[in-house]
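Chain by chain, the residues run as shown.
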Amino acid sequence: MLYEDEGTKTDAGYLVKVPVRWSDMDVFAHINHARMVTLLEEARIPWLFYDGRPTASLREGCVVADLHVKYREQVRHDEGPIEVTMFVEQLRAVDFTVGYEVRPKGADPASKPAVTATTQLVAFDVDAQRLRRLTADEKEFLGSFRRADPVAG
């Protein structure tokens, strides 16, 4: 999916406005919990996988090893596009942990996020069927989004 807003680097990380579809809504007009995970995945695409990014090679092999999502407030379907700020919490030789803060459209970037999440992503060599080390360019790019102090909640 190509977004009208392909994201922006901010002081807090990388911000992507992700469209919310009718099918993302549950019976209470909230974004369904399982769909929220998909929306987080879609937010990562323009940040990490677009051509020209040092991390674009991760398209060839990157797996989710761990995922945690905390719903702190409801996010309604009509509050989209949601604003997802992503940053790197941990960066190691073969993996990194992405932190997420999700806010409704137009929310103050300093406000408490409605949803927080983390995803541990592992670089993977599909042909060899084994982990691979992140390259120096990948680590430098990811390191530029390092943030040790995510918003507490």
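Preceding this section is the structure that the text describes.
Conventions adopted
- Residue positions are given per chain, counting from 1 as you read along its sequence in written order.
- Local features are withheld for residues below a pLDDT of 70 in this predicted model, meaning they are given only at 70 or higher, and side-chain atom pairs are given and counted only at 80 or more; totals for whole chains, interfaces and linings count all residues.
- By convention in this description, side-chain values take in all heavy atoms of the structure and omit both hydrogens and water.
- To qualify as a helix, a DSSP run of H or I must reach at least 4 residues; to qualify as a strand, a run of E must reach at least 2; elements of each kind are numbered from the N terminus.
- For a compact globule the rule gives 2.2 Å times the number of residues to the power 0.38, and the radius of gyration it is set against comes from C-alpha atoms.
- A simple rule labels every residue: compare its accessible area, found with a 1.4 Å probe on the protein chains alone, to the largest value its type can have, and call it buried under 20%, exposed over 50%, or partly exposed in between.
- Contacts are assigned to residue pairs with any non-hydrogen atoms lying within 4.5 Å of each other.
- At least two DSSP bridges between two strands are required for those strands to pair.

Q: Quick question: what am I supposed to make of the overall build of the chain here?
A: Counting secondary structure elements, the chain contains two helices and seven strands. In the chain, the succession of helices and strands from N to C terminus is β-β-α-β-β-β-β-β-α. For 153 residues, the compact-globule estimate of 2.2 N^0.38 gives 15 Å, and the C-alpha radius of gyration of the chain, at 15 Å, lies within 12% of that figure. Taken over the C-alpha atoms alone, the chain extends approximately 45 × 30 × 25 Å along its principal axes. Taken over 153 residues, the chain has a buried fraction of 42%. Restricting the contact set of the chain to residue pairs at least 6 apart, pairs at least 24 apart contribute 66%.

Q: When you look at the pairing of strand E2 (residues 13–18) in this model, what are you seeing that I'm missing?
A: Each regular strand displays side chains that alternate between the two surfaces of the sheet. Most of E2 is tucked away, with five of its six residues classed as buried. Looking at chain direction, strand E1 (residues 8–10) and E2 are connected through three bridges and run antiparallel. Counterpart to Thr10 in the pairing with E2 is Gly13. Taken together, E1 and the strand that follows it, E2, pair antiparallel across an intervening segment of two residues. As paired strands, E2 and strand E4 (residues 82–91) are joined by five bridges and run antiparallel to one another. Bridged to Val16 within E4 is Val84.

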